[in-house]
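So you can see what is in the structure, the chains are spelled out below.
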Amino acid sequence: MQAGFAEIDITPPIGTRKIGWLKEIIGTCVLDPLFARAAALDDGTQRIGFIQLDLLSIRWTQVNRIRQRISAELDFPGENVMIAATHNHAGPAVANTGDVARDETYIARLEDRCVAVFADALRALDSAEYALGSAMEPDLAFNRRMIMRDGTVMTQRKLSIEALGLEGPADHEVGLLAVRDKNHALKGCIVNFTCHPVHHGGEDVFSAGYPGVLAALMKQRGCPATLFLNGASGNIIYRDPLKGVSHSKETIG
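The sections below set out a description of the structure shown in this document. The residue numbers shown here count from 1 along each chain, following its written sequence. Reporting in this predicted model follows two pLDDT cut-offs: at least 70 for local features of residues, and 80 or more for side-chain atom pairs to be given and counted; totals over whole chains, interfaces and linings ignore these cut-offs and use all residues. Hydrogen atoms and water are omitted, and side-chain values are computed over all heavy atoms in the structure.

## Considerations on the overall build of the protein chain
Helical segments are the DSSP runs of H or I of at least four residues, strand segments are the runs of E of at least two, and each set is numbered from the N terminus. Across its full length, the protein chain carries four helices and 17 strands. Principal-axis analysis of the C-alpha atoms places the extent of the protein chain at approximately 60 × 40 × 30 Å. Looking at the protein chain as a whole, 47% of its 253 residues are labelled buried. By definition in these notes, contact holds between two residues if any of their heavy atoms fall within 4.5 Å. Here the contacts in the protein chain between residues at least 6 apart in sequence split such that 73% fall between residues at least 24 apart. Accessibility throughout is a Shrake-Rupley quantity obtained with a 1.4 Å probe, and a residue counts as covered only by protein chains that appear here. Taken as a whole, the protein chain presents about 11900 Å² of accessible surface, with 52% of it coming from carbon and sulfur. Relative accessible area decides the class of each residue, using a 1.4 Å probe on protein chains only: under 20% of the type maximum gives buried, over 50% gives exposed, and in between gives partly exposed.

## With respect to helix 1 (residues 60-74)
Taking 1.5 Å of rise per residue, 15 residues should cover 21 Å, and helix 1 covers 20 Å from first to last C-alpha, within 8% of that figure. Looking only at helix 1, the buried set comprises Gln62, Val63, Ile66 and Ile70. Looking straight down helix 1, one finds that the buried residues subtend no more than 100 degrees of arc, so they occupy a single side. Turned more than 90 degrees away from the buried face of helix 1 sit Trp60, Gln68 and Ala72, all of them exposed. Contact partners of the buried residues in helix 1: strand 4 (47-53), strand 5 (81-85) and helix 2 (104-123). Take the residue count of a helix, subtract one, and multiply by 1.5 Å to get its expected span. The arc in question is traced by the directions running from the helix axis to the C-beta atoms.

## What about helix 3 (residues 209-220)?
Helix length check: helix 3, at 12 residues, gives a terminal C-alpha distance of 17 Å against a target of 16 Å (1.5 Å per residue), a fit within 8%. When helix 3 is considered as a whole, its buried residues turn out to be Gly209, Tyr210, Pro211, Gly212, Val213, Leu214 and Ala215. On the buried face of helix 3, the contacting elements are strand 3 (35-42), strand 12 (186-193), strand 14 (226-230) and helix 4 (249-252). At the exit of helix 3 stands glycine 222, carrying a positive phi of roughly 100 degrees.

## As for the packing of aromatic side chains
The pairing test for Phe, Tyr and Trp rings, Trp by its six-membered ring, is centres within 6.5 Å, and the orientation test on the planes gives stacked under 30 degrees, edge-to-face over 60, and tilted for anything in between. Applying the stated criterion across every chain, the model contains two aromatic pairs. Look at phenylalanine 76 and phenylalanine 118: their rings are 5.0 Å apart centre to centre, the planes differ by 75 degrees, and that puts the pair in the edge-to-face class. Taken together, the residues span a long stretch of sequence, with phenylalanine 76 in the loop between helix 1 and strand 5 and phenylalanine 118 in helix 2 at a distance of 42 residues. Assessed through its relative accessible area of 4%, phenylalanine 76 is described here as buried. What makes phenylalanine 118 buried here is its relative accessible area of 0%. Relative to phenylalanine 228, the ring of tyrosine 210 has its centre 5.4 Å away and its plane inclined at 80 degrees; by these criteria the two rings are edge-to-face. Pair noted here: tyrosine 210 is in helix 3 and phenylalanine 228 is in strand 14, with a separation of 18 residues, a long-range link. A residue is classified by how much of its surface remains accessible, and phenylalanine 228, at 2% relative accessible area, is buried. Placement of a charge over a ring requires the Lys NZ or Arg CZ to be within 6 Å of the ring centre, with the centre-to-atom vector within 35 degrees of the ring normal. Above the face of the phenylalanine 35 ring, lysine 219 is positioned so that its terminal group lies 5.4 Å from the ring centre.

## Quick word on the packing of helix 1 against helix 2
When two helices pack together, their arrangement is given by the angle between the helix axes and by the axis-to-axis distance. Whenever a helix is involved, its axis is fitted only over the stretch in contact; in every case the axis is a line through C-alpha atoms, and angles between N-to-C directions fall within 0 to 180 degrees. One can describe the packing of helix 1 onto helix 2 by two numbers: an axis separation of 10 Å at closest approach and a directional angle of 40 degrees. One finds that helix 1 runs oblique with respect to helix 2. Crossing geometry of helix 1 relative to helix 2 is assigned as right-handed. Between helix 1 and helix 2, the residues in contact are Gln62, Arg65, Ile66, Arg69, Ile70, Glu73 and Leu74 and Ile107, Leu110, Glu111, Asp112, Cys114, Val115, Phe118, Ala119 and Leu122, respectively. Lys, Arg, Asp and Glu make up the charged group, whereas Ala, Val, Leu, Ile, Met, Phe, Trp, Tyr, Cys and Pro make up the nonpolar group; the residues left over, Gly among them, are polar. Broken down by class, the residue content of the contact of helix 1 with helix 2 amounts to 10 nonpolar, one polar and five charged. Should an angle fall under 35 degrees it is taken as roughly parallel, and over 145 as roughly antiparallel, whereas 65 to 115 is taken as roughly perpendicular and any remaining angle as oblique. What makes a crossing left-handed is the near helix being turned counterclockwise from the far one by less than a right angle; a clockwise turn instead makes it right-handed.

## Some words on the pattern of salt bridges
When a carboxyl oxygen of Asp or Glu lies within 4 Å of a side-chain nitrogen of Lys or Arg, that pair is called a salt bridge. Within this structure, the stated rule accounts for 11 salt bridges. Linking glutamate 7 and arginine 37 is a salt bridge whose minimum nitrogen-to-oxygen distance equals 3.1 Å. Pair noted here: glutamate 7 is in strand 1 (residues 2-9) and arginine 37 is in strand 3, with a separation of 30 residues, a long-range link. With relative accessibility at 4%, the residue arginine 37 sits in the buried group.

Written out as structure tokens, the structure reads:
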């Protein structure tokens, strides 16, 4: 098997509109950088790829354009490339949301960066071996929806006397694909966990949230690129409504 990993900075310029809080917020500083990360995997018969973005979302039209460019410019089957955002609420305006209009200039630059980072991952292709693993982490992510006594369902910040219980479960599994080279040095990894990255969403700062913390910590421990793929996190948050405890992005990462 061959594998290649890469990352590229996609931090927006100061003064760019933010997204994720349904109102106009202008980013005035960067707490930590945002990245696009890519992985290319080739087992000799099948080639697949991943691009992960420290953003709220990516439109299907953008995905199509990036895939088409990867096919045309990099001679790689673009239809085999999964492109996903971490659902980061503290990033730039990449979609029309509430009172916020998407930033077309940033989006055009973003597509160029996605193609560039995948090209870097392809150039890094080399012999590799991989391992799969999973573990349970029950103390970081919680369902935020509560069934009320009057039969309605509400999103709650803390336990209410009118609440009967949580509407649904949370997914506590952490999934991992780790890849190392022939000298047993880590080339990169792909991590899956389910929880909303909402930290700093309502502030005038840019941040990659807890997936960014994870990637930075992994880099300190010898892993050059850590792609984070979020799970079905629509109702999953880092605030425990039963205990009123909220976890920082550093704790989760």
